[in-house]
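What follows is the residue order along each chain.
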Amino acid sequence: MERAVLVRSLSCSSVSFNRLFFRSYHRLARSYPSSRLPPHNKRLVSNINRRSALRHHWRRISSSPSPLYLKRCFSSLSPRAVATSPKHFSSPDVGGSQDEVAEKLGFEKISEQMIEECKSKAVLYKHKKTGAQVMSVSNSDENKVFGIVFRTPPKDSTGIPHILEHSVLCGSRKYPLKEPFVELLKGSLNTFLNAFTYPDRTCYPVASTNTKDFYNLVDVYLDAVFFPKCVEDLQTFQQEGWHYELDNPSEDISFKGVVFNEMKGVYSQPDNILGRMAQQAMFPDNTYGVDSGGDPKVIPKLTFEEFKDFHRKYYHPSNARIWFYGDDDTNERLHILSEYLDSFDVSVASEESKVKPQKLFSEPIRIVEKYPAGDGSDLKKKHMVCLNWLLSDNPLDLETELTLGFLDHLMLGTPAAPLRRILLESGLGDAIVGGGVEDELLQPQFSIGLKGVSEEDIQKVEELVMNTLKKLADEGFDPEAVEASMNTIEFSLRENNTGSFPRGLSLMLRSMGKWIYDMDPFEPLKYEKPLQSLKAKIAEEGSKAVFSPLIEKFILNNPHRVTVEMQPDPEKASQDEAAEREILEKVKSSMTDEDLAELTRATQELRLKQETPDPPEVLRSVPSLSLLDIPKKPIHVPTKIGEIGGVKVLQHDLFTNDVLYTEVVFNMSSLKQELLPLVPLFCQSLLEMGTKDMDFVQLNQLIGRKTGGISVYPFTSSKRGREDPCGHIIVRGKAMAGRAEDLFNLVNCILQDVQFTDQQRFNQFVSQSKARMENRLRGSGHGIAAARMDAKLNVAGWIAEQMGGISYLEFLRDLEEKVDQDWDGISSSLEEIRKSLLSRQDCLVNMTADGKTLTDSEKFVSKFLDLLPSKQPRETNLWGARLSPVNEAILVPTQVNYVGKAANIYETGYQLNGSAYVISKYISNTWLWDRVRVSGGAYGGFCDFDTHSGVFSYLSYRDPNLLKTLDVYDGTAGFLRELEMDDDTLTKAIIGTIGDVDSYQLPDAKGYSSLLRHLLGVTEEERQKRREEILSTSLNDFKEFADAIEAVKEKGVVVAVASPDDVASANEDRPNFFEVKKVL
Ligand SMILES: [Zn+2]
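Not measured: the values here are computed from a predicted model.

Chemist: Please provide a residue-by-residue account of the coordination of the zinc ion, values included.
Modeler: A four-donor tetrahedral metal ideally has 109.5 degree angles, and a six-donor octahedral metal ideally has angles of 90 or 180 degrees. Protein-derived coordination of the zinc ion comes from His 162 (NE2), His 166 (NE2), Glu 262 (OE) and Glu 262 (OE), at a distance range of 2.1 to 2.7 Å. Positions of the donor residues of the zinc ion along the chain correspond to the pattern H-x3-H-x95-E. Here Glu 262 lies in helix α10 (residues 258-266) and His 166 lies in helix α6 (residues 160-167), a separation of 96 residues in the sequence. The buried category is assigned to His 166, whose relative accessible area is 0%. By relative accessible area, Glu 262 is classed as buried at 1%.

Spelled out as structure tokens, the structure:
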């Protein structure tokens, strides 16, 4: 249930929350893969992404896998596998000191360093026989991390590295099942499990807090990358990469493949196309000039031979960098590795995989590209323009890089940052594009531009960018802004709050950014010295002397500039589809009858294989924990519920490294229904409009100087067994313990002193929100579909949709006109929202910190509460609205669909039991994965059960199908009824569910989850009861659940975000099935 709670909160909060808490420091602390050149990932990141799909850093995460079927015994398939069969020496004589052990196991110690910044000892080894490099980081962090990374520079845009990343996790020598990856998702306690493809490397990380589980994960991953079945099995390549599909010789041939469809989705999003164009144009001469993810037009040119060669060449220890991190035994790490590495000899891979630097241009260039746009939308203001610079011929030293990161934060990191602010205030476009400084590739880049621009304004945008940069170089930055950026960056470096991302993984990615280019892997972990020297330099010489030369050298006087202009083209989507059809027709016409019969047979064979489960004995090869390894009690979060001045205060006494985290919660229930869609803009206004004494720039700088960030966002959810929904506004903030007073003063200032008078800024908020919603529609249609279905099924869903779905987008479009006509009216509506929210009686405070900080902060809380207005309890507004429960198709110019179907299963009489968590996870990872993804060719397919509302929903992601996917959903109850399952499988399903429920949380997240449980009325007794139900789930529960979800088939409502062609043909097949709504 914890998970469900979090999901709900994130779906409402992520935009504002992430911006303040993560966005601002991601260049320096770099906890996440690069934001502009996204790695492609293995799977859709759990439920969080499913629902919200808003989280910046996860949004490109995807999934993959693939199966293969073992026709022959694996060892006879792979000569290399045979030659390198592992020696199972269980416990060789490797006692002794760490160095002696390393030596005995064949590792040479290169360097050993203490990293004060993360309180760790880090040792770099080289495996003598193969040259594999290993970084072994030991400390007290229980969230252990392993990763193996290969340099995989592609030569073309066929997507080889990406398809390989998906495919190696589809069975290996020791684990010869269809998808060990999925088995691990189902049955391990992992706190992280995924894989990423970067433009030049492929990364396989896992994490767990349970040591036995951790080593299981490591072994499965090592076996997968070194001895995958996919290099012997054409069908895995076809399934994950591409193949022709033909069900019947009389039908049309189509392209299928998980990566193929994933990338079609990517190429349907203008922002993604822009990023790819820019990268390729900036690096015409090296590997970054092609797309490692794969261009759907080029993917079908890839052959199986090339695919196998690529693996043979690059997935070799000589080309590997391996990372271990955490509190486990460092000897055991080397021991596990040596079993794998010793099977190989040295290769030349590491020479061949080196990335060559791109030489700087002597002149700027400009490229113009079209992107697919809907024909209904106003195309005039839909152009995009982005200026990109390659900053240097060679990699930069760490101090320069750190200074550039700092400069990036100063120019773009907050709403008050001048480059961001001036571009948005110009009114020339709706939202920023380009990610600022990017330093995850060999050479750093800088990109900035606008979207939602009129064609005639493009030139003006370019001039404005150049002039603003020049002005910043000439005049320097406001000292208060410099101080605010410095504090924000230092705070986040020291807090090292990586959210749900393991800290060890964040460090690994940071280190890898240099290590992968044969530079010092320790250096990026040690920020303290360069940071202090930068601070000293700024103090001594002034910030202008530090930053202006950088702007001049790297940007203004740098001829390596690529300007990318993107034009909307309503024809492009259908042209692309027509071109694809033409290719396929040609292929078909060149085939003989025998060829067609053979293709039909191969199509069926592949599908049969995909849909046939692995035999139990093969499944058992994947190591798993037993139920005895599972704690019987839920994770305890210390919670003291008390009162300060008559207001309820929750306190969580946890070690937070001297940071105070707090949430101040207000009840929304007295808000008038028609004001609900204004709430997100109200929240943004609180932070970004300024007070009587301070403009918003000063206010933002003050927040930056005194705190670690403040965010404001709505939170809504159904409450189990209640008609009325839970609706709150949450103000979330953090600061060093010594700044608690400042933090509460600032929260008070935001809530009470901000003035809703700046019409121009409000206008920008509206345009930005509109641009963001339009982007979500294309990239995260599943989130939009889920919100829409919820809005048809319950009031909380309706509210959320008003504040973040299609209804919200429609509201924003109307509002854009209204701002100019009736600003006074809007301004007073914002004031009215404030008035109905702010009330001592309806307030709740949540605090997470160590006991002393909590006690010391109480007086500031008390003062804060005294300043809140007291109100007579007023009537609660009964928001009674829901959307009409008709099937809807939302038309979007895309080549792939997002298909959803949902119903409230509580209405059938189903009573919540913990087994539902096990069962819905199982359905996602078996039935839906196999049918929607593996054989259907979608990038993802899953179900979600909101235990608060009772809504059970199915969703697909980047799906080539529409009605076919609905048929799969409708078959779920049948699947459950016929399910046979041995004890092993059931145990894995239970353990995997516990892994989700117990997902690793940093202290602030623990305190926050506890707050949400409080708001939703989830008690400790209930948590214990659900846990016991989870642990005692039986096969019979699965059968009974079938009856409950039969309701989705019978009465479920369907919402699809889909391409116009697919919707038209669906409505032909089933007349009037969809009510059609055109949004883009
Ligand atoms: Zn992928």
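The discussion continues.
Chemist: For the nonpolar core, give the residues involved together with the corresponding values.
Modeler: Counting 92 residues, the largest nonpolar core has Phe 666, Leu 681, Ile 710, Phe 762, Leu 777 and Leu 865 as the members making the most contacts within it. Beyond its immediate stretch of four places on either side in the chain, Phe 666 contacts Gly 727, His 728, Ile 729, Val 731, Leu 751, Leu 837, Leu 838, Ser 839, Asp 842, Cys 843 and Leu 868.

Chemist: Give me the side chain of Ser 454: which residues, what numbers.
Modeler: Relative to the helices and strands, Ser 454 is located in the loop between β15 (445-453) and α17 (458-475). On the basis of relative accessibility, which here comes to 6%, the residue Ser 454 falls in the buried class. Discounting residues that sit within four places of it in the chain, Ser 454 has contacts with Lys 380, Lys 381, His 383 and Leu 428.

Chemist: Which residues make up the UniProt feature "domain: Peptidase M16C associated" (unreviewed entry) in the protein, and what values do they have?
Modeler: The UniProt record annotates "domain: Peptidase M16C associated" (unreviewed entry) at residues 566-815. Annotation note: span residues 566-815, helix share 51%, strand share 18%, distance between end C-alpha atoms 27 Å.

Chemist: Go over a negative patch on the surface, please, and point to the residues and values.
Modeler: A cluster of acidic side chains, namely Glu 251, Asp 252, Glu 582 and Glu 585, defines a negative patch on the protein surface. Mapping Glu 585 onto the fold places it in helix α22 (residues 572-589).

Chemist: Explain helix α15 (residues 398-412) residue by residue, including any values.
Modeler: Compared with the 21 Å implied by 1.5 Å per residue over 15 residues, the 21 Å span of α15 between its first and last C-alpha is a close match. Burial runs high along α15: 14 of the 15 residues are buried. For α15, the N-terminal capping position is held by Asp 397, with its side-chain oxygen 3.1 Å away from the main-chain nitrogen of Glu 399.

Chemist: Describe in detail the packing of aromatic side chains, supporting the description with residues and values.
Modeler: For the coordinates displayed, the defined rule picks out 46 aromatic pairs. Their ring planes at 55° and their centres at 5.1 Å tell us that Phe 146 and Phe 324 sit as a pair that is tilted. Of this pair, Phe 146 sits in strand β5 (residues 144-151) while Phe 324 sits in strand β11 (residues 320-326), and the two are 178 residues apart along the sequence. By relative accessible area, which is 0% here, Phe 324 ends up buried. When the centroid spacing of 5.1 Å and the interplanar angle of 20° are considered together, the rings of Trp 927 and Phe 975 count as stacked. Residue Trp 927 is found in helix α34 (residues 915-935), and its partner Phe 975 is found in helix α36 (residues 972-978); the two are separated by 48 residues along the sequence. A connected cluster of aromatic rings, assembled from ring pairs, spans Phe 150, Tyr 204, Tyr 221, Phe 226, Phe 227, Tyr 315, Tyr 340 and Phe 344. Over the aromatic face of Tyr 198 sits the side chain of Arg 201, whose NZ or CZ is 4.3 Å from the ring centroid. If you follow Arg 1070 out to its NZ or CZ, it ends over the ring of Phe 1073, 5.5 Å from the centre.

Chemist: Please give an account of the packing of helix α25 (residues 679-688) against helix α28 (residues 759-779) that cites residues and values.
Modeler: Any two packed helices are characterised by the angle at which their axes cross and by the distance between the axes. Look at α25 against α28: their axes get within 11 Å of each other, and the N-to-C directions meet at 130°. Viewed along their axes, α25 and α28 adopt a mutual orientation that is oblique. Where α25 crosses over α28, the two elements pack in a sense that is right-handed. Contact with α25, carried on its side by Leu 681, Gln 684, Ser 685 and Glu 688, involves Arg 761, Phe 762, Phe 765, Val 766, Gln 768 and Ser 769 of α28 and no other residues of that element. Here the contact of α25 with α28 is composed, by residue class, of four nonpolar, four polar and two charged.

Chemist: Go over the environment of Gly 804, please, and point to the residues and values.
Modeler: Mapped onto the elements, Gly 804 comes out in the loop between α30 (795-802) and α31 (806-821). The spatial distance from the C-alpha of Gly 804 to the C-alpha of Leu 404 is 35 Å, given a sequence separation of 400 residues. Dropping the residues within four chain positions of it, Gly 804 is found in contact with Met 773, Arg 776 and Ile 784.

Chemist: Give a detailed account of the pattern of salt bridges, specifying residues and quantitative values.
Modeler: Per the counting criterion, the structure on display carries 80 salt bridges. Residue Lys 988 pairs with Glu 183 through a salt bridge whose shortest N-O separation is 4.0 Å. Linking Lys 988 in helix α37 (residues 983-997) with Glu 183 in helix α7 (residues 180-187), this pair joins segments that are 805 residues apart in sequence. By relative accessible area, Glu 183 is classed as buried at 8%. Among the ionic pairs, Glu 663 bridges to Arg 732, the shortest N-O distance being 2.8 Å. Of this pair, Glu 663 sits in strand β19 (residues 659-667) while Arg 732 sits in strand β21 (residues 726-736); the two residues are 69 residues apart in sequence, bridging distant segments of the chain. For Arg 732, a relative accessible area of 6% translates into the label buried. Look at the salt bridges and you will find they share partners, linking Glu 245, Asp 247, Lys 256, Arg 607 and Lys 964 into a network.

Rules used throughout
Residue numbers run consecutively from 1 along every chain, following the written order of its sequence. For a predicted model such as this one, the threshold for reporting local features is a pLDDT of at least 70, and the threshold for listing and counting side-chain atom pairs is 80 or more; totals across whole chains, interfaces and linings nevertheless cover every residue. Hydrogens and water are ignored here; the side-chain numbers use all heavy atoms of the structure. Only N, O and S atoms count as donors, using a 2.8 Å limit from the metal and a wider 3.2 Å limit for Na, K and Ca, and since water is excluded some coordination spheres may look unfilled. Numbering of helices and strands runs from the N terminus; a helix is a DSSP stretch of H or I covering at least four residues, while a strand is a stretch of E covering at least two. Each residue is assigned to one of three classes by its accessible area relative to the maximum for its type, calculated with a 1.4 Å probe on protein chains only: buried under 20%, partly exposed between the two thresholds, exposed over 50%. We define a nonpolar core as any set of buried Ala, Val, Leu, Ile, Met, Phe, Trp, Tyr and Cys residues linked to one another through side-chain atoms lying within 4.5 Å. In this description, contact between two residues means that some pair of their heavy atoms is separated by no more than 4.5 Å. UniProt positions are given in the numbering used here, feature names are shortened, and annotations may be inferred rather than shown by experiment. For patches, a residue must show more than 30% relative accessible area and have no salt bridge; joins then use 9 Å for like charges and 5 Å for nonpolar side chains, namely Val, Leu, Ile, Met, Phe, Trp and Tyr. Using the Shrake-Rupley algorithm and a 1.4 Å probe, accessible areas are obtained, with residue cover drawn only from the displayed protein chains. We define a salt bridge as a side-chain nitrogen of Lys or Arg found within 4 Å of a carboxyl oxygen belonging to Asp or Glu. Just so you know, the count uses Lys and Arg for positive and Asp and Glu for negative, and it drops His and the chain ends. One atom stands in for each charge, and that atom is NZ of Lys, CZ of Arg, CG of Asp or CD of Glu. Helix span, as expected, comes to 1.5 Å for every residue beyond the first. N or O atoms within 3.5 Å of each other form a polar contact, as long as, within protein, one can give a hydrogen and the other can take it, and as long as residues adjacent in sequence are counted only when both atoms are side-chain atoms. For Phe, Tyr and Trp, rings pair up if their centres lie within 6.5 Å, where Trp contributes its six-membered ring, and each pair is then called stacked (planes under 30 degrees apart), edge-to-face (over 60) or tilted (otherwise). Charge-over-ring placement is defined geometrically: NZ (Lys) or CZ (Arg) within 6 Å of the ring centre, and within 35 degrees of the ring normal. The axes used here are C-alpha line fits, helices contributing only the stretch in contact, and every angle between their N-to-C directions lies in the interval 0 to 180 degrees. To sort the angles, those under 35 degrees are grouped as roughly parallel, those over 145 as roughly antiparallel, those from 65 to 115 as roughly perpendicular, and the leftovers as oblique. Should the near helix be turned counterclockwise from the far one by less than a right angle, the crossing is left-handed, whereas a clockwise turn marks it as right-handed. Under this grouping Gly is polar, as are all residues other than the nonpolar Ala, Val, Leu, Ile, Met, Phe, Trp, Tyr, Cys and Pro and the charged Asp, Glu, Lys and Arg.

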